[in-house]
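Understanding the architecture of this molecule
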Amino acid sequence: MTKTALIVEDEIFVALDLERILMDAGYGVAAIAADRDSAIAAAPGCNFAFVDINLRDGPTGPEIARRMAKDYGVKVVFVTANPAQIGDAECLGYIRKPFSDAAILAAAALACNDEQTAHDDVIRISG
């Protein structure tokens, strides 16, 4: 069964890069969302999400993560240049921008509970 990701990112080239990495590795991508409302609308049915902190509608990433985890059981990994803004949002961890393909794939495997090797760029917070 294909695991499905949601990309919550308002910088389109970053979002498309994430989509390419995931799809090339065999993951499904349900949607690319640039703000809170579109992210929450796309969350049902997703297994995991890569979420930026600062989006089109402000620093809503942590709120989005809390809602997706609570309401839909979506596992969240932040992809951000601002990890100090994560606060107490429910997430597995974060990856700093700029990111590598290997870091994204390691985080996706972590979110899907797949076998993986540790990657120094995936900073675990919980799980």
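In what follows, the accompanying structure is described. Keep in mind that this is a model prediction, so the values were computed, not measured. (Residues numbered from 1 in each chain as written. Predicted model: local features only at pLDDT ≥ 70, side-chain atom pairs only at ≥ 80, totals over all residues. Heavy atoms only, no water.)

1. Some remarks on the sheet that holds strand β5 (residues 93-96)
Across the sheet, 6 strands lie side by side as β2-β1-β3-β4-β5-β6; this open sheet has mixed pairing. Of all strands in the sheet, those bounded by a partner on one side alone are β2 (28-33) and β6 (122-124). Each adjacent strand pair in this sheet contributes to an overall mean axis angle of 20°, direction not counted. Across 4 bridges, the pairing between strand β4 (residues 75-80) and β5 is parallel. Its bridge partner lying in β5, Val79 is registered against Ile95. Contacts between helix α1 (residues 12-24) and the sheet are confined to β1 (4-8), β2 and β3 (48-51), with β2 contributing the most and set at about 175° to the helix. Sheet contacts for helix α3 (residues 61-72): β1, β3 and β4; angle to β4, the most-contacted strand, approximately 165°. (Pairing = 2+ DSSP bridges. Helix = DSSP H or I, 4+ residues; strand = E, 2+ residues; numbered from the N terminus. Axes fitted to C-alpha atoms, helices over the stretch in contact; angles between N-to-C directions. Contact = heavy atoms within 4.5 Å.)

2. A few points about the packing of aromatic side chains
By the definition in use, this model includes 2 aromatic pairs. Here the aromatic rings of Tyr27 and Phe48 are separated by 5.5 Å at their centres, their planes lie at 80°, and the arrangement is edge-to-face. With Tyr27 in the loop between α1 and β2 and Phe48 in strand β3, the pair connects residues that are 21 residues apart, well separated along the chain. In terms of burial, Tyr27 and Phe48 fall into one category: buried. Through successive ring pairs, a cluster of aromatic residues spans Tyr27, Phe48 and Phe50. (Phe/Tyr/Trp six-rings, centres within 6.5 Å; stacked < 30°, edge-to-face > 60°. Buried < 20%, exposed > 50% of the residue type's maximum accessible area, 1.4 Å probe, protein only.)

3. Things to note about the nonpolar core
Core analysis: the biggest nonpolar cluster contains 26 residues, and Leu22, Phe48, Phe50, Ile95, Phe99 and Ile104 have the highest contact counts within it. Of all the secondary structure elements, the ones that give two or more residues to this core are β1, α1, β3, β4 and α4 (101-111). Counting residues in each nonpolar core, the second largest holds 22 residues, with Ile40, Leu55, Ala89 and Tyr94 among its members. (Core = buried A, V, L, I, M, F, W, Y, C linked by side-chain atoms within 4.5 Å.)

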